[in-house]
Every structure is written in structure tokens, then in C-alpha cells.
Amino acid sequence: MPTPDITAGSPCWIDLMTSDPEKAKSFYNALFGWTYETGDQEKYGGYITASKDGKLVAGIMQKQEDMGAMPDLWSTYLRTDDIKATTEATAANGGQVFLEPMEVPEQGSMAMYGDSSGASVGAWQFGEMKGYEVAAEPGTPAWHELLSKDYESAVSFYQNVFGWQTEVMSDTPEFRYTTLGAGDNAKAGIMDASGFLPEQVPSMWSVYFAVEDTDATVEKALALGATVTQAAEDTPFGRLATLTDPTGAVFKVIQDLGPTP
């Protein structure tokens, strides 16, 4: 399994903020075969790293009580080589800084933003930890997609803040989609979601996991306490389904992933 090609501006890490880390660990272990290591409480706040076949794929952390009604959720982090400049650019391009750059001892530096369309997105500057070590293999991250209620603004934001070189994949009223990179080299996508996201649901990043068999994965997830929010269907890029895990975090699974979902 080759190490993912994580260039500046592209997705490099995902983590789950959950109200029940033990339940999440059990669920994703059974569904994807993940194993875990819990970081030092004093140094890393008990942050849990998940691995697939010995290679890092994701993180899990306890949701804090002061976060109130914020739902459990998966977050995508984009690589930056200058987190201070990225934070300044976020504020200058209509975004919000939720968490100022914070050094994680030895590992790197992180920040959390709200983009110009309201979606939460993380930034990670490499130290010793250089992102997930495997992708697009069963049980690992396969695609990252921003569902945006302000599509034009979002595209400009990622171009200006993270240096995205974008390609318009589709520009019809029914389906507007822009990718980071083009064709087989695309690393993430932005979809115009203004026509289908409910009023109370904000713009959001969505994480896809590769699976060998979407229908079998859905069946197994249901038995483990998940909920199906979008039934399995064939798309031009593979068989896709949307699920929520037992505490409500949304994720997607896709079989036979092509260059874009």
C-alpha cells in the first residue's frame, strides 16, 4: 500500500469528535477492523489514534461537555506548510477561526476554522505526524467532499486560503461540482448543496470510507447500531451509501471508488 500523496492544501487527516469514544472504538473496530492507541493524557489529552493493518488512518476524541448541542461529527483536516499564514488568510477571506494554531508536542500544529460557507474544517502543519498513512483501501479514507450552501464563495475560499488548483467537473443547475486537482489526480470535491441541504443543516465536510462491498457493510453497520440516512445506490463512481454511527456522526461508504465520488 503506497503512502498517500499529501500535497499542501489537500486532505491529510480525519478525526471523530464523539460523545462516547468507547462505543465509537467498538463500532469502527467491528466495521473496518481498526485498532487503537490512546495518547498520553497530559501531553495529548487522551487523543486516540486508529490504525488499519498497522497504518494510521484516523483519530478519535471525546466531545467536551461545554460543546452543548453540537453533534458528534467527522472532521477533515487540510495540510498547510504555514499554519499562521493560513489562519490569517482564513480571516481575510470570510472565514472564522474557531481554534487558533496550537502546537501538538512533536507531532505538528493544528487549527480549526469555519470556511466562508460555514463549514468546519481543520488545518494541520506536519511535524513528526504526517497525516494518514493509507487511503482508498478498504476501511480507510477514500474521498473528502464539502457540501456547501454557498458554492461560489467556498470555491474561492479554498483557492485563496489553501492554494487549491481547481477543476470544474460539472456546472449544471442540477449538479455543480468542483475538484481539487483534475481527473485521477483529484483529491477532494466541493458540491453545491444549496438545493438539498435542509435549512437547519449547515455546510459540512463529508468523509467517504472505501469498502469492498457497500451492501454488506451497510448490513453489518446496521447490526452494530448504525442508521442509514441514504440507501446504497450505484453512482458513476461506485456504490455509495450514507450512514450515521451509533452516536449520530455521519459518514459515507463507497465501493470501487473512481477518481471522484
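Since we're looking at a predicted model, the values are computed, not measured.

Engineer: An account of the packing of aromatic side chains is requested, with residue identities and associated values reported.
Structural biologist: Applying the stated criterion across every chain, the model contains 20 aromatic pairs. Here phenylalanine 209 and phenylalanine 251 contribute two aromatic rings whose centre-to-centre distance is 6.0 Å and whose plane-to-plane angle is 70°, an arrangement assigned as edge-to-face. In this pair, phenylalanine 209 is assigned in strand β13 (residues 204-211) and phenylalanine 251 in strand β16 (residues 250-255), connecting sequence segments 42 residues apart. Phenylalanine 251 shares its class with phenylalanine 209; the two are buried. Here a set of aromatic residues connected by ring pairs shows up, and it is made of Phe27, Tyr28, Phe32, Trp34, Trp74, Phe209 and Phe251.

Engineer: Can you lay out helix α3 (residues 83-92) for me, pointing to particular residues and giving the numbers?
Structural biologist: Buried within α3 are the following residues: Ile83, Thr86, Thr87, Ala89 and Thr90. All buried residues of α3 lie within an arc of 165° about the axis, which places them on one face of the element. Structural note: α3 exposes Lys84, Ala91 and Ala92 on the side pointing more than 90 degrees away from its buried face. Residues of α3 that are buried in the fold lie against β6 (96-104), β7 (108-114), β8 (120-126) and α4 (151-162). Positive phi appears at glycine 94, one or two residues downstream of α3, with a value of about 85°.

Engineer: For α4, give the residues involved together with the corresponding values.
Structural biologist: Here α4 spans 16 Å end to end across 12 residues, near enough to the 16 Å set by a 1.5 Å rise per residue. For α4, the set of buried residues is Tyr151, Ala154, Val155, Phe157, Tyr158, Val161 and Phe162. For α4, the angular spread of the buried residues around the axis is 160°, confining them to a single face. Glycine 163 sits one or two residues past α4 and shows a positive phi near 70°.

Engineer: So, the nonpolar core: which residues are in play, and what are the values?
Structural biologist: Core analysis: the biggest nonpolar cluster contains 26 residues, and Tyr28, Phe32, Trp34, Trp74, Phe209 and Phe251 have the highest contact counts within it. Going through the elements one at a time, β1 (11-18), α1 (21-32), β3 (48-52), β4 (55-62), β13, α5 (214-223), β15 (238-244) and β16 are the ones with two or more residues in this core. Per-element accounting of this core gives the leading share, five residues, to α1. Ignoring anything within four residues of it in the chain, the contact list for phenylalanine 251 reads Phe27, Tyr28, Leu31, Phe32, Trp74, Val207, Phe209, Ala241, Thr242, Leu243, Thr244 and Asp245. If you look at the next biggest cluster of nonpolar residues, it comprises 21 residues, including Ala123, Ala154, Val155 and Phe157.

Engineer: Can you lay out the pairing of β1 for me, pointing to particular residues and giving the numbers?
Structural biologist: For β1, the tally of buried residues reaches eight of eight residues, placing the bulk of the element in the interior. Examined bridge by bridge, β1 and strand β5 (residues 73-79) share six bridges and lie antiparallel to one another. By the bridge assignment for β5, leucine 16 is matched with tryptophan 74. Note: β1 against β4, four bridges, orientation parallel. Of the residues in β4, the one forming a bridge with threonine 18 is glutamine 62.

Engineer: Explain the packing of α3 against α4 residue by residue, including any values.
Structural biologist: Two elements in contact, α3 and α4, have axes separated by 9 Å at closest approach and are oriented at 150°. By the angle between their directions, the pair α3 and α4 is classed as roughly antiparallel. The two elements α3 and α4 meet at a crossing, and its hand is right-handed. Residue-level contacts link Thr86, Ala89 and Thr90 of α3 to Phe157, Val161 and Phe162 of α4.

Engineer: An account of the pattern of salt bridges is requested, with residue identities and associated values reported.
Structural biologist: Scanning all chains against the criterion turns up 10 salt bridges. Bridged by salt links that share partners, the residues Glu152, Asp171, Arg176 and Asp192 form one connected network.

Engineer: Account for the packing of α1 against α5, with residues named and values stated.
Structural biologist: The interhelical angle for the contact between α1 and α5, taken along N-to-C directions, is 150°, at an axis separation of 10 Å. Accordingly, the angle class assigned to the pair α1 and α5 is roughly antiparallel. Considering how the two elements wind past one another, α1 and α5 form a crossing that is right-handed. Of α5, the residues touching α1 (which contributes Phe27, Ala30 and Leu31) are Thr217, Lys220 and Ala221. Looking at the contact of α1 with α5 residue by residue, the class counts come to four nonpolar, one polar and one charged.

Engineer: Tell me about the sheet that holds β3, and name the residues and values.
Structural biologist: Ordered in space as β2-β3-β4-β1-β5-β8-β7-β6, the eight strands form an open sheet in which the pairing is mixed. One side of each edge strand has no neighbouring strand; the edge strands of this open sheet are β2 (35-38) and β6. With direction set aside, neighbouring strand axes in the sheet form an average angle of 25°. The pairing of β3 with β4 spans five bridges and is antiparallel. Bridged to alanine 50 within β4 is alanine 58. Across the sheet, α1 lies against β1, β2, β3, β4 and β5, angled at about 150° from β2, the strand it touches most.

About the thresholds
- Residues numbered from 1 in each chain as written.
- Predicted model: local features only at pLDDT ≥ 70, side-chain atom pairs only at ≥ 80, totals over all residues.
- Heavy atoms only, no water.
- Phe/Tyr/Trp six-rings, centres within 6.5 Å; stacked < 30°, edge-to-face > 60°.
- Helix = DSSP H or I, 4+ residues; strand = E, 2+ residues; numbered from the N terminus.
- Buried < 20%, exposed > 50% of the residue type's maximum accessible area, 1.4 Å probe, protein only.
- Arc of directions from axis to C-beta.
- Contact = heavy atoms within 4.5 Å.
- Expected span 1.5 Å × (residues − 1).
- Core = buried A, V, L, I, M, F, W, Y, C linked by side-chain atoms within 4.5 Å.
- Pairing = 2+ DSSP bridges.
- Axes fitted to C-alpha atoms, helices over the stretch in contact; angles between N-to-C directions.
- Parallel < 35°, antiparallel > 145°, perpendicular 65-115°, else oblique.
- Left-handed = near helix turned anticlockwise from the far one by under 90°.
- Salt bridge = Lys/Arg side-chain N within 4 Å of Asp/Glu carboxyl O.
- Nonpolar A, V, L, I, M, F, W, Y, C, P; charged D, E, K, R; others polar.

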